[in-house]
Amino acid sequence: MTASLPHQGPWPGEPDRPAEDRRHMIRRRALTLLIIVLLIGIPAGYLVISANQSRDSGKDKEAKYSATGLTEGWPSKLQRRIYQVPIPHPAWHVAYYETNNWKTSRLYAQFETNTAGLDAYLTGLGMTRADLKKGDITIGARDRKVTGWKFPEGDGWYGFVHKQKNPAPTHDVVVDLSNPAYPWVYVVSRTVP
């Protein structure tokens, strides 16, 4: 048999509390519900948004690193700085592709620009138009196969190799001046890690 416990009475001198009316009870429960929603709902919503952004970022990176040829768009600023490829403004039809292995890292880039853009690009490499050699296709067959570039016979092709001391990259550059107002530039920047 269990003995019942006595109930604690009010403190001496303290008035009795009035019973809670229905409106006050509804307001208290609504406030409690709001607090629970804020404490649980907001972090849960943040986690859902964060997870979606993370998944989307992973898909973008997967697409970027699974590319097997030139990708339309500008290389990142970091890639342009590492490989020292100063793509000028304005430039159109910009595309790039990066390969890395334990021996050599390469950035392939192509773009169309105007005459001022070509001069700015050459200046960025420390070169001038006088350094362009007519008919000199400096990009090798291996690199052309990787990118799908074809340089047919013709008068508009110029090129040069910009060699630098390691770890600075070496640039193989081919310029298509068949339309002198809007030349195309093809560059392979190689660096040894």
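I will try to describe carefully the structure that is included in this document. Nothing here was measured: the structure is a model prediction, and the numbers come from that model.

Some remarks on the overall build of the chain
Okay, step 1: Looking only at helices and strands, the chain has four helices and seven strands in total.
Okay, step 2: Here the chain holds 193 residues, and the buried ones make up 31% of them.
Okay, step 3: Residue pairs at least 24 apart in sequence account for 51% of intrachain contacts in the chain once pairs closer than 6 positions are excluded.
Okay, step 4: Of the accessible surface of the chain, which amounts to about 13,600 Å², a share of 58% is contributed by carbon and sulfur atoms.

As for the side chain of Thr191
Okay, step 1: Within the secondary structure layout, Thr191 lies in strand β7 (residues 184-191).
Okay, step 2: In terms of polar contacts, Thr191 uses its side chain to reach the backbone carbonyl oxygen of Pro167, at 3.1 Å.
Okay, step 3: If sequence neighbours within four positions are ignored, Thr191 has contacts with Tyr83, Thr104, Ser105, Pro167 and Pro169.

Thoughts on the pairing of β7
Okay, step 1: Counted residue by residue, β7 has six buried out of eight residues, so it is predominantly covered.
Okay, step 2: The pairing of strand β3 (residues 105-113) with β7 spans eight bridges and is classified as antiparallel. Residue pairing in the sheet places Ser105 in a bridge with Thr191 of β7.
Okay, step 3: Two elements, strand β6 (residues 170-176) and β7, share seven bridges in a ladder whose sense is antiparallel.

Points about the pattern of salt bridges
Okay, step 1: For the coordinates displayed, the defined rule picks out four salt bridges.
Okay, step 2: With a closest N to O distance of 2.7 Å, Arg129 and Asp119 form a salt bridge. Of this pair, Arg129 sits in the loop between α3 (115-124) and β4 (133-134) while Asp119 sits in helix α3, placing them ten residues apart in sequence.
Okay, step 3: Residue Arg129 is classed as partly exposed on the basis of its relative accessible area, which comes to 35%.
Okay, step 4: Within the structure, one salt-bridge network assembled from shared partners comprises Arg106, Arg142 and Asp143.

Some thoughts on the packing of aromatic side chains
Okay, step 1: One pass over the structure, following the stated rule, counts ten aromatic pairs.
Okay, step 2: Through pairs of rings, three or more aromatic residues link up here, namely Tyr97, Tyr108, Trp149, Phe151, Trp157, Trp184 and Tyr186.

Examining α3
Okay, step 1: Of all the positions in α3, only Gly117, Leu118, Tyr121 and Leu122 are classed as buried. The arc enclosing the buried residues of α3, seen along the axis, measures out at 135°, which places them on a common side. When the buried face of α3 is taken as reference, the exposed residues oriented beyond 90 degrees from it are Ala116, Thr123 and Gly124.
Okay, step 2: On its buried side, α3 packs onto β3, β5 (157-162), β6 and β7.

A short note on the sheet that holds β7
Okay, step 1: Spatially, the seven strands line up as an open sheet ordered β1-β2-β3-β7-β6-β5-β4, and their pairing is antiparallel. Both outer strands of the open sheet, β1 (71-72) and β4, are each paired with one neighbouring strand and no more.

About the thresholds
Residues numbered from 1 in each chain as written. Predicted model: local features only at pLDDT ≥ 70, side-chain atom pairs only at ≥ 80, totals over all residues. Heavy atoms only, no water. Helix = DSSP H or I, 4+ residues; strand = E, 2+ residues; numbered from the N terminus. Buried < 20%, exposed > 50% of the residue type's maximum accessible area, 1.4 Å probe, protein only. Contact = heavy atoms within 4.5 Å. Areas by Shrake-Rupley, 256 points an atom, 1.4 Å probe, with all protein chains shown as cover. Polar contact = N/O pair within 3.5 Å; in protein donor to acceptor, adjacent residues only side chain to side chain. Pairing = 2+ DSSP bridges. Salt bridge = Lys/Arg side-chain N within 4 Å of Asp/Glu carboxyl O. Phe/Tyr/Trp six-rings, centres within 6.5 Å; stacked < 30°, edge-to-face > 60°. Arc of directions from axis to C-beta.

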